[in-house]
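Below, each chain spelled out in residue letters.
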Amino acid sequence: MDANSIIASLSDKFPDEIYDTDIESNIRIVAKVKPENVVDVCRYLKDELSFGHLCCEFAADYPDRNGIEVIYVIGSYDHPVILTMKALLPRDKPEIESVVPVYWNANWYERETYDLFGVKYLNHPNLKPFIIPAEMIGEWPLRKDYKGFPNRTANNLV
Amino acid sequence: MEETVGPSEMIVHLGPQHPMLPGPFRVNAKLRGETIVDSEVEIGYIHKGIEKILENKTYLQGITIVDRICYLEALTNEEAYVGCVEKLAGIEVPERAQYIRVIMEELSRIQSHILGMGEYASFIGFVSMFMYTIRDREDLMSVIDSVTGARITHSFLRFGGVKDDLPDGFKDDVKYVFGNLKKAIDQYEVLFSSDSIYKARTVGIGTLTADVAKDLGVSGPPLRATGVAFDIRRDEPYLVYNDLDFKVCTQKDGDVYARIQVRLDEMRESMYIVEQCLDQIPSGPLFPEGTAYGKRSPVMRIPAGEVFHRVEAPRGEMGFYMISDGSDKPYRVKIRGPVYPTLQALPPLLKGVTVADIVAIAGSMDTCTSEVDR
């Protein structure tokens, strides 16, 4: 399975949900997805296109676009193509469906993203404070407008 | 994990400071008798915020920071980070520098496996094994030290090349160390396979099947021990791995014993790779000629773009996702460490085993909390 056929299959199956697809090289493809369809697309990727390996899932903050982008990097055990899938969420209310039912190992990635960016994952099995202290929830330290770095974070350690 | 306990059940916390756990993390295990019914892993005790720190450092300063993600795989971490920048900026690495990188990374793979294996043996009470491995690792560390000038945090790679050339007599040093090491590895194998107590604690314990391992997202030796030949060096070659002859070491059983066996085989394979490199290495410059890249690169602005670059670290798939906005600092760096999914996969593995096996299973995954809490 190569990059072209994967893109063709994806845009065939999800003509409205997937947009801005791009082939960067023969092993790297990029696609944007509407946030409400992310679980359906992931399930299709895993079942039909053998994208069985979620490399990582994380977020990036774009204050100038007023959005937080959730990025899924999905690879495969059978073919060398890696798909980077992005979903743009509004910055004041970032909510997206959890993909844990499809990719089991998304669990910790989503908990970490919630701690650091405040992206709320709906129907996540266990969305509680994970790597930062519970009293820091709400500060979202990896957002670009976080003022506490490095002083506040260092104070926390003492 | 449900906090409520039924009749004749109790919750036992193992860690965060436990002499047998490599780095602080906590296993909350719900027990019925001595059997684990349910468990959960807690991390975050040493979170360093490296992703945030990298956003506030220039690209060159970042090299020293990524060393500290995990000291046993410092060179492969650098490779992933530097590779990202090279892909973004379109820097071609000269062939000699690529060979030197491969040599150093394979040497660091051997020392990581050798320590992981020795630590693991000491976790299950085989402490003399730990002493043997530490002794043999020391020679290897001296060889690495003679090139990079440091034992664990090397800061050796640069954009477009490496900091220093191999010293005189490096080939002979490596030959001498490898001669001893090959004998030592054969000895470890005999020790492991002939010890009935060791076998009783490892054979058939913590078994993963290929499908489950893929589902859990583990990579590296725990995955290859289940028979899946997934190796980034083979599947998505970087540097000069395409020109080198090596095989991907796999085992069938997927238990603790198989994981250690994969590491033993991989050490032999890595030595074979280093020997090939030393025979094939061409002479030439260490940095691309006619560019500003060098040992002390000036402050550089990287073209805007996004890239995901992954390498095969000793423990599995190490990847960096880097977003650049065209300034001299990365806009966002995501570190995808190999141990993060491996540690996450502990609770399903621990279900139904006895308390004594927690350490045997957790240790065999060769976890590194420093990298999980990066």
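Not measured: the values here are computed from a predicted model. (Residues numbered from 1 in each chain as written. Chains lettered and ligands numbered in written order. Predicted model: local features only at pLDDT ≥ 70, side-chain atom pairs only at ≥ 80, totals over all residues.)

Trainee: Can you break down the interface of chain B and chain A residue by residue, with the values?
Mentor: On the side of chain A, 24 residues touch chain B, which itself brings 25 residues to the contact. Those elements that provide at least two residues to the side of chain B that touches chain A are α1 (50–55), α8 (210–216), β7 (316–324), β8 (332–336) and α12 (339–344) of chain B. In terms of residue class, the side of chain B that touches chain A is built from nine nonpolar, six polar and ten charged. (Contact = placed C-beta atoms within 7 Å. Helix = DSSP H or I, 4+ residues; strand = E, 2+ residues; numbered from the N terminus. Nonpolar A, V, L, I, M, F, W, Y, C, P; charged D, E, K, R; others polar.)

Trainee: A description of the sheet that holds strand β4 (residues 67–75) of chain A should follow, citing residues and the corresponding values.
Mentor: Residues and elements named next belong to chain A. With mixed pairing, the five strands of this open sheet are ordered in space as β1-β2-β5-β4-β3. The open sheet is flanked by β1 (18–25) and β3 (53–62), the only strands paired with a single partner. With strand direction ignored, the average angle separating the axes of adjacent strands in the sheet is 20°. In this structure, β3 lies alongside β4, joined through nine bridges in antiparallel fashion. (Pairing = 2+ DSSP bridges. Axes fitted to C-alpha atoms, helices over the stretch in contact; angles between N-to-C directions.)

Trainee: Explain the sheet that holds strand β6 (residues 305–313) of chain B to me, and be specific about the residues and the numbers.
Mentor: Residue and element names in this part refer to chain B. On the basis of which strands lie adjacent, the open sheet formed by three strands has the order β6-β7-β8 and antiparallel pairing. Strand pairing shows two members of the sheet lacking a second neighbour, β6 and β8, which therefore form its edges. Averaged over neighbouring strand pairs, the angle between their axes works out to 10° when direction is ignored. Across nine bridges, β6 lies against β7 in antiparallel orientation. Note that in β7 the partner of E312 across the bridge is E317. Sheet contacts for helix α3 (residues 74–89): β6 and β7; angle to β6, the most-contacted strand, approximately 150°.

Trainee: Any details on the confidence of the model for chain B? Residues and values, ideally.
Mentor: On average, residues of chain B carry a pLDDT of 87, and 99% of them reach 70 or more. Here the complex is predicted with pTM 0.90, and the ipTM for its interfaces comes to 0.89. (pLDDT = per-residue confidence, 0-100.)

Trainee: Can you lay out the packing of helix α5 (residues 127–148) of chain B against helix α6 (residues 170–194) of chain B for me, pointing to particular residues and giving the numbers?
Mentor: All names here are of chain B. Taken N-terminus to C-terminus, the directions of α5 and α6 make an angle of 160°; their axes are 10 Å apart at the nearest point. Considering the angle they form, α5 stands roughly antiparallel to α6. Every pair of crossing elements has a handedness; the one defined by α5 and α6 is left-handed. When α5 is examined against α6, the residues M129, D136, D139, L140, V143, S146 and V147 are found in contact with a partner set consisting of F170, D173, V174, V177, N180, L181, A184 and L191. Of the residues contributing to the contact of α5 with α6, the split by class is ten nonpolar, two polar and three charged. (Parallel < 35°, antiparallel > 145°, perpendicular 65-115°, else oblique. Left-handed = near helix turned anticlockwise from the far one by under 90°.)

Trainee: Now, about the environment of T4 of chain B: what can you tell me, with residues and values included?
Mentor: Along the chain, the position of T4 of chain B falls in the segment before β1 (9–14). Taking the C-alpha atoms as reference points, T4 of chain B and A80 of chain B, 76 residues apart in sequence, are found 43 Å from one another.

Trainee: Before we move on, could you go through the pairing of β4 of chain A and cite the residues and values that matter?
Mentor: All names here are of chain A. Extensive coverage of β4 is indicated by the burial of eight of its nine residues. Counted along the chain from β3 to the antiparallel partner β4, the turn is four residues long, and its residue N66 has a positive phi close to 55°. The antiparallel pairing of β4 with strand β5 (residues 82–90) creates a hairpin that spans six residues between the two strands. (Buried ≥ 20, exposed ≤ 12 C-beta atoms within 10 Å, placed from the backbone.)

Trainee: How would you explain the environment of G161 of chain B if you had to name every residue and give the values?
Mentor: Residue and element names in this part refer to chain B. On the secondary structure map, G161 appears in strand β5 (residues 161–162). With 186 residues separating them along the chain, G161 and P347 place their C-alpha atoms 42 Å apart. Apart from the residues within four sequence positions on either side, G161 is in contact with V93, P94, A97, L286, F287 and Y293.

Trainee: Describe the packing of helix α11 (residues 256–280) of chain B against helix α14 (residues 356–364) of chain B, and please don't skip the residues or the numbers.
Mentor: The packing of two helices is summarised by the inter-axis angle and the distance between the axes. Residue and element names in this part refer to chain B. One way to put it is that α11 packs onto α14 with a least axis distance of 9 Å and a crossing angle of 30°. In terms of their interaxial angle, α11 and α14 are classed as roughly parallel. In this structure, the crossing between α11 and α14 has a hand that is left-handed. In contact with V256, R259 and I260 of α11, α14 contributes A360, I361 and S364. Looking at the contact of α11 with α14 residue by residue, the class counts come to four nonpolar, one polar and one charged.

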